[in-house]
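Now for the letters of each chain:
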Amino acid sequence: MKVVRYDGPGRSLHAFGKTLDRGGIDEFDDAEVASLLAQPAIHITVLDDLVEDEEFIPAADPGDAEPEAEDGTGRDHHKQEEEQ
Amino acid sequence: MSTVLEVVAAPYTLYLAPVDTEFPTLDEVPHSSDGWIMVGTSGDLNYNDKGVTVTHDQKISEFIPAGGTAARKAWRTEEHLTIDLELVDLSPAQYALILNDAAVTQHAAGVGHVGYDEFPLLQGLTVANFALVARGLSPLLDGGISQYQVPIVYQAASPAPVGTKGTPAFLAVQFAALADDASGFGDRLDQSAEAS
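Every chain begins its residue count from 1, and numbering advances along the sequence as written. Naming scheme: in the order in which they are written, chains are lettered from A and ligands are numbered from 1. In keeping with the model being predicted, local features are shown solely for residues with a pLDDT of at least 70 and side-chain atom pairs are shown and tallied solely at 80 or more, while totals for entire chains, interfaces and linings include all residues.

### Some points on the overall build of chain B
To qualify as a helix, a DSSP run of H or I must reach at least 4 residues; to qualify as a strand, a run of E must reach at least 2; elements of each kind are numbered from the N terminus. When helices and strands are counted, chain B shows one helix and ten strands. Ordered by position from N to C terminus, the α and β elements of chain B give β-β-β-β-α-β-β-β-β-β-β. Computed over its C-alpha atoms, the radius of gyration of chain B comes to 20 Å, more than 25% above the 16 Å expected for a compact globule of 196 residues. The principal-axis extent of the C-alpha atoms belonging to chain B is close to 85 × 50 × 40 Å. Within the span of chain B, comprising 196 residues, buried residues form 27% of the whole. For chain B, the proportion of contacts with a sequence separation of at least 24, taken over those separated by at least 6, is 60%. Each radius of gyration reported is based on C-alpha atoms, and the globular scaling rule is 2.2 Å times the count of residues to the power 0.38. Burial is judged by counting other C-beta atoms within 10 Å of a residue's own C-beta: 20 or more means buried, 12 or fewer means exposed, and anything between counts as partly exposed, with every C-beta placed from the backbone. In this description, any two residues whose backbone-derived C-beta atoms lie within 7 Å of each other are considered to be in contact.

This is the structure in C-alpha cells:
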C-alpha cells in the first residue's frame, strides 16, 4: 500500500472505488498507484516515497527551543538577525 | 540612439485566482501554489492571433446650451473594463474554468473501463468571480513587466466552439470587471527598473 495525494487538475478524483478532493490523501495498493502514475492527465504525489526520504532526519529534541536552520548550520536565521 | 520603449507589440498572458488573492509583485511569476491559474494551458500560446484586447468603455452625457451648438460640460454616467481573447484550448480544466469555474471530476481508468474527465454544462444562477492579472511588456523598461491587476472579474462572453476542419475550435472569453469597494477596477503597473 502507498499513501497518495491527489494534485489535480480536476477538483476531485474517482479512482478504484475511492473519491479524493484536490489535496486529499488516501491509500492505494501498489498496482493501483502504478495505474494512476501511468495516466498522464491525473497528477498525484506518492507520499510514501517522501516519508522514506525523510527517515534519516533525526527527530527534534522536544527540549531544544532553537529551530534547526535549513542550511544545516544549526542556527535559526531569523534569530540571528534579531541578535545582530 | 535610444530604444523606443513606449511602442509595445505583444499579447498579455492572463491569470485567474479566487477574489482577495494577493496580487503577485512584478518580479514574481503568478503561481498555482499561490492560487493563480494561467488562462490557457500554455498561456498566450493558446490565444488566437487576434491577441488580448483591454477595453475601457464609457458613456458620457454632454450639456449643450440653448445659446450655443457645442458641448460646454460632460459627465461620465457609465464605465466598464473588459478583457477579451479567443482561447484555443478545449482541455477540461480550461473549458470548465471559462464555463463559470465548473468543477472537473476525473475518473481514473481501471480494468475494463476508460478514464475520463467530466464537468457540468449548466452554469446556474450564480456567476463565478475571480481576481485577474494580465501580464505583458512594460513600455518603460526593455524586458520589463507590465501588469493589469483587477480585483473582481467575471466571464461575460458566450463561448461557441465550432468543430470544423482546418480551423481550431476556440472559446470566446471576455472578463468583465466589477468595482471593488476599496480599489475600484484595480491598477496597471509598469516596471521601470530592475531591483537593485
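### So, the overall build of chain A
Of the regular secondary structure elements, chain A holds three helices and five strands. When contacts within chain A are restricted to residue pairs at least 6 apart in sequence, long-range pairs at least 24 apart make up 42% of them.

### What about the sheet that holds strand 3 (residues 18-21) of chain A?
For two strands to be treated as a pair, DSSP must find no fewer than two bridges joining them. In spatial order, the strands read 3(A)-2(A)-5(B)-6(B); together these four strands make up an open sheet with mixed pairing. The open sheet has two edge strands with one neighbour each: strand 3 of chain A together with strand 6 (116-118) of chain B. This sheet shows a mean twist of 20 degrees between the axes of neighbouring strands, independent of strand direction. Lines fitted to C-alpha atoms define the axes here, with helix axes fitted over just the stretch in contact, and angles between the N-to-C directions of these axes take values from 0 to 180 degrees.

### Things to note about the sheet that holds strand 1 (residues 2-8) of chain A
Residues and elements named next belong to chain A. Taken in spatial order, the three strands of this open sheet run 4-1-5, and their pairing is antiparallel. Unpaired on one side and paired on the other, strand 4 (25-28) and strand 5 (43-46) mark the two borders of the sheet. Across this sheet, the average inter-strand angle for adjacent strands is 40 degrees, counted without regard to direction. Where strand 1 lies against strand 5, four bridges are found, and the strand directions are antiparallel. Of the residues in strand 5, the one forming a bridge with G8 is H43.

### Structural notes on the nonpolar core
Each nonpolar core comprises buried Ala, Val, Leu, Ile, Met, Phe, Trp, Tyr and Cys residues, the members being joined through C-beta atoms within 7 Å. In terms of nonpolar packing, the biggest core is built from 34 residues, with B:L14, B:Y15, B:L16, B:L87, B:L132, B:A134 and B:V150 touching the most fellow members. Counting residues per element, the ones that place at least two in this core are strand 1 (13-17), strand 2 (37-38), strand 4 (73-87), helix 1 (92-98), strand 7 (129-137), strand 8 (145-155) and strand 9 (171-177) of chain B. Per element, the largest residue contribution to this core is five residues, and it comes from strand 7 of chain B. Aside from chain neighbours lying at most four places away, what touches B:L14 is B:V39, B:V52, B:I83, B:L132 and B:A134. By size, the runner-up hydrophobic cluster in this structure holds eleven residues, among which are A:L13, A:A15, A:V33 and A:L36.

### Topic: the interface of chain B and chain A
Counting from both sides, the interface comprises eleven residues of chain B and, opposite them, twelve residues of chain A. In terms of residues, the side of chain B that touches chain A owes the most to one element, strand 5 (residues 105-107) of chain B, which gives three residues. The classification used treats Ala, Val, Leu, Ile, Met, Phe, Trp, Tyr, Cys and Pro as nonpolar, Asp, Glu, Lys and Arg as charged, and all other residues, Gly among them, as polar. Looking at the side of chain B that touches chain A, its residues break down into five nonpolar, five polar and one charged. Taken together, the three bridges between strand 2 (residues 12-15) of chain A and strand 5 of chain B define a ladder with parallel strand orientation.

### Structural notes on the pairing of strand 7 of chain B
All names here are of chain B. With seven of nine residues buried, strand 7 is to be regarded as a mostly interior element. Of the pairings in the sheet, the one linking strand 1 to strand 7 comprises five bridges and is antiparallel in character. Bridge pairing links L16 to L132 in strand 7. Bridge count for strand 7 against strand 8 is eight bridges, and the pairing is antiparallel. What sits directly across from L137, in strand 8, is I145.

### A word on the environment of B:I152
All names here are of chain B. Note on placement: I152 falls in strand 8. I152 gets classed as buried once you count the C-beta atoms within 10 Å, which come to 20. With 33 residues separating them along the chain, I152 and F185 place their C-alpha atoms 7.4 Å apart. The contact partners of I152, leaving out residues within four places of it in the chain, are V19, N129, A131, A177, L178 and D180.

### A word on the environment of B:S183
Tracing the backbone through its elements, the reader meets B:S183 in the loop between strand 9 and strand 10 (187-190). For B:S183, a count of 12 C-beta atoms within 10 Å puts it in the exposed group.

### Examining the confidence of the model for chain A
A residue-level look at chain A finds 57% of positions with pLDDT of 70 or above and a mean pLDDT of 74. The predictor attaches a confidence to each residue, and that confidence, scored 0 to 100, is pLDDT. Contacts of residues 61-84 of chain A to residues separated by more than four positions or lying in other chains number ten contacts, the stretch itself having pLDDT below 50.

### A few points about unusual backbone geometry
A cis amide bond links A:G8 with the next residue in sequence, A:P9, at an omega value of 5 degrees. Of note, A:P9 is situated in the loop between strand 1 and strand 2. A positive phi angle is found at B:D20, which is not glycine, with a value near 80 degrees. Inspection of the secondary structure puts B:D20 in the loop between strand 1 and strand 2. With phi around 55 degrees, B:D101 is a residue other than glycine that occupies positive phi space.

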